[in-house]
Amino acid sequence: MKIVHLSSEFAPFAKAGGLGDVLTGLARELTLAGHEVEVILPKYDFITQKSPLPLQKEFQDFYCWEKGESYRNTMWSAFVENCRLLLLEAHHPKGYFSRGKIYACEDDIARFLYFSKACLEYLKARNEPIDILHLHDWPVSIAAVLAKEIYKLPIRAIVLTIHNADYQGHCATWDLDAIGLHGAKYLTKESFEDDRYPNAINLLKGGIVFSDAVNTVSASYAKEILTPEIGGPLSETFRLHQAKIRGITNGIDYHLWNPCQDPYLETHYNSALSSMEIENRKESARNQLRKQFNLHLNQRPWVGSITRIVPQKGPKLLEAGLDKTIDLKGSFVLLGSSPIPSLQEHFEHLKRKHAKSENVLLQFEYNEALAHQIYASLDFLLLPSLFEPCGLSQMIAMRYGTIPIVRATGGLQDTVFDWANPKVTADKRNGFVFKNATNTDLFSALSRAFEMFRKDPETIQVLSKRGMQQNFSWEKPAKEYVKMYLNLSP
Ligand code: ADP
């Protein structure tokens, strides 16, 4: 099949979270299965600044109309991560993709509407049949209606993957007018009208309505979004379109996440080694961190998190987890920052509070190398999410022999099974799980983990190795995507 992905992220070149990882892992696996895969991404300024890609100019320049003007665009291509990456350069006076970042610009709506439309202009000019146009999240979900109603491209089917239904792309009818869609026409309950604010356009909703199939990134989350608690006002739309929605649990990219050949680690390891040897090598990763930050961090176990600090990730519980870890005489490591100023300020206050502690490391930045070193160093990864479409961190952690402690929600409950869970066979139990988003439940899970760490190291070794031996690669999920693609009739 010829599969074209439109996306705002692609790891490692442009990554803000799990979406970037998913694109790379899925695209690579689809190519390995023999499919022809292209990923179209904006040519963000930082991509070529950071990594010199062997870029080639594709095709002749083409134009895209916005608010009465036509702007020139150039498409570049490079063969990376085993697939064809196409980078759309917009010669737009507002420098839409020259902002040094992917999101969080005031005009994100206009930027990504323009990107989506320009992609379709390109595909139209190229005029080649496509089996699957695969869209990811709100930034490109407008492409479904554009492809179907305006461009009428030779595409067999359109798929929308929802990586996080909390981000929906709210805008006004005139934002659609700006790219030549008649906004008012789409302000209806059956199409783009937001289910809470009747005067607003909801781009994600339009994507759900106009795509032929929709999937979320875990089976549990596909069910949870049908409820108002998790799906919010959009749950009504999800229920209405339930027949075309399914869940496919993400994999992780085994090339990017591999403790056996990780370029960021000084010492490598895999599950074939003895538990004692794995422990020695994880200790070497801990020493890398101790040296870098000039901290003792000598209390064990190490508990930590690598996460965006946003309400979804349960920041209050993270803070409670930090306090409890220190009470229990462990060490706590956090890598992550918050796009929400008040939350960021709060965590900076916590850092000042713990400034004298030799057992707390709070690092507020996006740092790929450090993320790898922390995954390898931790004993326990804490993920107290309030909701979690899939979550990659828990799977990455397990690959590095780190035991997850998670809240039972979304993809976390599909991938982590409590050590004491009688409902799953013993060989599936791989972590600690707590039910409610309360300090009581969190503390109980943390205390159980600490107790096992101190009194029953053999079982800790079993859990750690079991996680490393599990197969979280993209092999199985990619097969499910292919099955979904094949089931879609023209
Ligand atoms: P989400 O997509 O909601 O942020 P996921 O668990 O699906 O959460 O994916 C998060 C990805 O981003 C993981 O690969 C994680 O290691 C990475 N990540 C999160 N925060 C940081 C950070 N501060 N520095 C480096 N990597 C990070």
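Residues numbered from 1 in each chain as written. Predicted model: local features only at pLDDT ≥ 70, side-chain atom pairs only at ≥ 80, totals over all residues. Heavy atoms only, no water.

Peer 1: Residue-level account of the overall build of the protein, with values.
Peer 2: Of the regular secondary structure elements, the protein holds 19 helices and 17 strands. The C-alpha radius of gyration computed for the protein amounts to 23 Å, which stays within 12% of the reference 23 Å derived for 490 residues, consistent with globular compactness. Projecting the C-alpha coordinates of the protein onto the three principal axes gives extents of approximately 70 × 45 × 45 Å. Taking as baseline every contact in the protein between residues at least 6 positions apart, the subset at least 24 positions apart corresponds to 71%. With the model as given, the accessible surface of the protein reaches about 19,600 Å², and the carbon-plus-sulfur share is 52%. Of the side-chain charges in the protein, 56 are positive and 56 negative, and the distance between the mean point of each set is 3 Å. (Helix = DSSP H or I, 4+ residues; strand = E, 2+ residues; numbered from the N terminus. Rg over C-alpha atoms; globule rule 2.2 N^0.38 Å. Contact = heavy atoms within 4.5 Å. Areas by Shrake-Rupley, 256 points an atom, 1.4 Å probe, with all protein chains shown as cover. Lys, Arg positive; Asp, Glu negative; His and termini not counted. Charge placed at Lys NZ, Arg CZ, Asp CG, Glu CD.)

Peer 1: Describe helix H5 (residues 142–151), naming the residues involved and giving the relevant values.
Peer 2: Among the 10 residues in H5, seven count as buried, and that is most of the element. Residues of H5 that are buried: Ile-142, Ala-143, Ala-144, Val-145, Leu-146, Ala-147 and Tyr-151. Two residues or fewer after H5 comes Lys-152, characterised by a positive phi angle close to 45°. (Buried < 20%, exposed > 50% of the residue type's maximum accessible area, 1.4 Å probe, protein only.)

Peer 1: A description of the sheet that holds strand E6 (residues 130–136) should follow, citing residues and the corresponding values.
Peer 2: Taken in spatial order, the nine strands line up as E3-E4-E5-E2-E1-E6-E7-E10-E11 in an open sheet, and their pairing is mixed. Taken across any chain shown, the strands that pair with only one partner, and hence form the sheet edges, are strand E3 (56–66) and strand E11 (245–247). Each adjacent strand pair in this sheet contributes to an overall mean axis angle of 25°, direction not counted. Looking at chain direction, E3 and strand E4 (residues 69–80) are connected through eight bridges and run antiparallel. The partner of Cys-64 across the bridge, within E4, is Tyr-71. Contacts from helix H1 (residues 18–32) reach strand E1 (2–6), strand E2 (36–42), strand E5 (83–90) and E6, with the element oriented near 155° to E2. (Pairing = 2+ DSSP bridges. Axes fitted to C-alpha atoms, helices over the stretch in contact; angles between N-to-C directions.)

Peer 1: Account for unusual backbone geometry, with residues named and values stated.
Peer 2: The linkage connecting Ala-11 with the following residue, Pro-12, adopts the cis geometry, with an omega of 0°. Residue position: Pro-12 is located in the loop between E1 and H1. Positive phi is not limited to glycine here, since Asp-137 has a value of about 65°. Residue position: Asp-137 is located in helix H4 (residues 137–140).

Peer 1: Residues and numbers for the site of the ligand, please.
Peer 2: Around the ligand, the structure places 20 residues, and the nearest of them are Gly-18, Asp-21, Arg-308, Glu-365 and Tyr-375. Asp-21 is positioned with one of its side-chain polar atoms (N or O) 2.7 Å from an oxygen atom of the ligand. Between an oxygen atom of the ligand and a main-chain N or O atom of Leu-392, the distance comes to 2.8 Å. For the ligand, the protein covers 92% of the area, taking 560 Å² as the surface of the free molecule. (Near = heavy atom within 4 Å. Polar contact = N/O pair within 3.5 Å; in protein donor to acceptor, adjacent residues only side chain to side chain.)

Peer 1: Report on the packing of helix H12 (residues 315–327) against helix H13 (residues 341–353), specifying residues and quantitative values.
Peer 2: At a closest axis distance of 12 Å, the pairing of H12 and H13 adopts a crossing angle of 5°. The orientation of H12 relative to H13 falls into the category roughly parallel. Residues Pro-315, Glu-319, Leu-322 and Asp-323 of H12 lie in contact with H13, whose contacting residues are Leu-343, His-346, Phe-347, Leu-350 and Lys-353. Split into classes, the residues belonging to the contact of H12 with H13 amount to five nonpolar, one polar and three charged. (Parallel < 35°, antiparallel > 145°, perpendicular 65-115°, else oblique. Nonpolar A, V, L, I, M, F, W, Y, C, P; charged D, E, K, R; others polar.)

Peer 1: Please give an account of the sheet that holds strand E14 (residues 360–363) that cites residues and values.
Peer 2: The parallel open sheet is built from six strands, whose spatial order is E14-E13-E12-E15-E16-E17. Each edge of the open sheet is held by one strand with a lone partner, namely E14 and strand E17 (432–434). Pairwise comparison of adjacent strand axes, ignoring direction, gives a mean angle of 15° for this sheet. When strand E12 (residues 302–306) meets strand E15 (residues 380–383), the two strands line up parallel, connected through two bridges. Bridge assignment links Gly-304 to a residue of E15, and that residue is Leu-381. Sheet strands in contact with H12 are E12, strand E13 (331–335), E14 and E15, and its direction is about 155° off that of E13. This element, helix H17 (residues 439–455), spans E12, E15, strand E16 (403–407) and E17 of the sheet and lies at about 165° to E17.

Peer 1: Mind laying out the environment of Gly-169, listing which residues take part and the relevant values?
Peer 2: Within the secondary structure, Gly-169 sits in the loop between strand E7 (155–162) and strand E8 (170–171). For Gly-169, a relative accessible area of 9% translates into the label buried. When the C-alpha positions of Gly-169 and Ala-200 are compared, they lie 10.0 Å apart, and in sequence the two are 31 residues distant.

Peer 1: How would you sum up the side chain of Ser-385? Please name residues and give values.
Peer 2: Considering the arrangement of structural elements, one finds Ser-385 in the loop between E15 and helix H15 (393–399). Polar contacts involving the side chain of Ser-385 include one to the side chain of Glu-388, which spans 2.7 Å. Apart from residues lying up to four places away in sequence, Ser-385 is in contact with Gln-312, Lys-313, Gly-314, Arg-407, Thr-409 and Leu-412.

Peer 1: Account for the state of the cysteines, with residues named and values stated.
Peer 2: A covalent bond between the sulfur atoms of two cysteines is what we call a disulfide. For the structure shown, the criterion picks out zero disulfides. Just so you know, Cys-119 is unpaired, no disulfide at all, and the nearest cysteine sulfur is the one on Cys-64, 9.1 Å from it. Judged by its relative accessible area of 0%, Cys-119 is buried. (Disulfide = S-S within 2.5 Å.)

Peer 1: How would you sum up the environment of Thr-438? Please name residues and give values.
Peer 2: For Thr-438, the position within the fold is in the loop between E17 and H17. Residue Thr-438 is classed as partly exposed on the basis of its relative accessible area of 32%. In this structure the C-alpha to C-alpha distance between Thr-438 and Ile-3, which are 435 residues apart in sequence, comes to 43 Å.

Peer 1: Quick rundown of the packing of aromatic side chains? Include the residues and the values.
Peer 2: Geometrically, a pair of aromatic rings is defined through the distance of the ring centres and the angle of the planes. A complete count under the given rule lists 23 aromatic pairs for this structure. Ring geometry for Trp-257 and Tyr-375: centres 5.4 Å apart, planes at 85°, overall edge-to-face. Linking Trp-257 in the loop between E11 and helix H11 (275–293) with Tyr-375 in helix H14 (residues 368–377), this pair joins segments that are 118 residues apart in sequence. The residues Trp-257 and Tyr-375 share a single accessibility class, namely buried. Seen from their ring centres, Trp-257 and Tyr-400 are 6.3 Å apart, and the 80° between their planes marks the pair as edge-to-face. Here the residue Trp-257 occupies a position in the loop between E11 and H11, and Tyr-400 occupies one in the loop between H15 and E16, the gap between them amounting to 143 residues. A relative accessible area of 0% places Tyr-400 in the buried class. One aromatic cluster is present, formed by Tyr-44, Phe-46, Tyr-71, Tyr-96, Phe-97, Tyr-103, Phe-112, Tyr-114, Phe-115 and Trp-138 through successive ring pairs. Sitting over the ring of Phe-443, Lys-324 keeps its end group 4.9 Å from the ring centre. A cation sits over an aromatic face here: Arg-399 above Tyr-254, 3.6 Å from the ring centre. (Phe/Tyr/Trp six-rings, centres within 6.5 Å; stacked < 30°, edge-to-face > 60°. Lys NZ or Arg CZ within 6 Å of the ring centre and 35° of its normal.)

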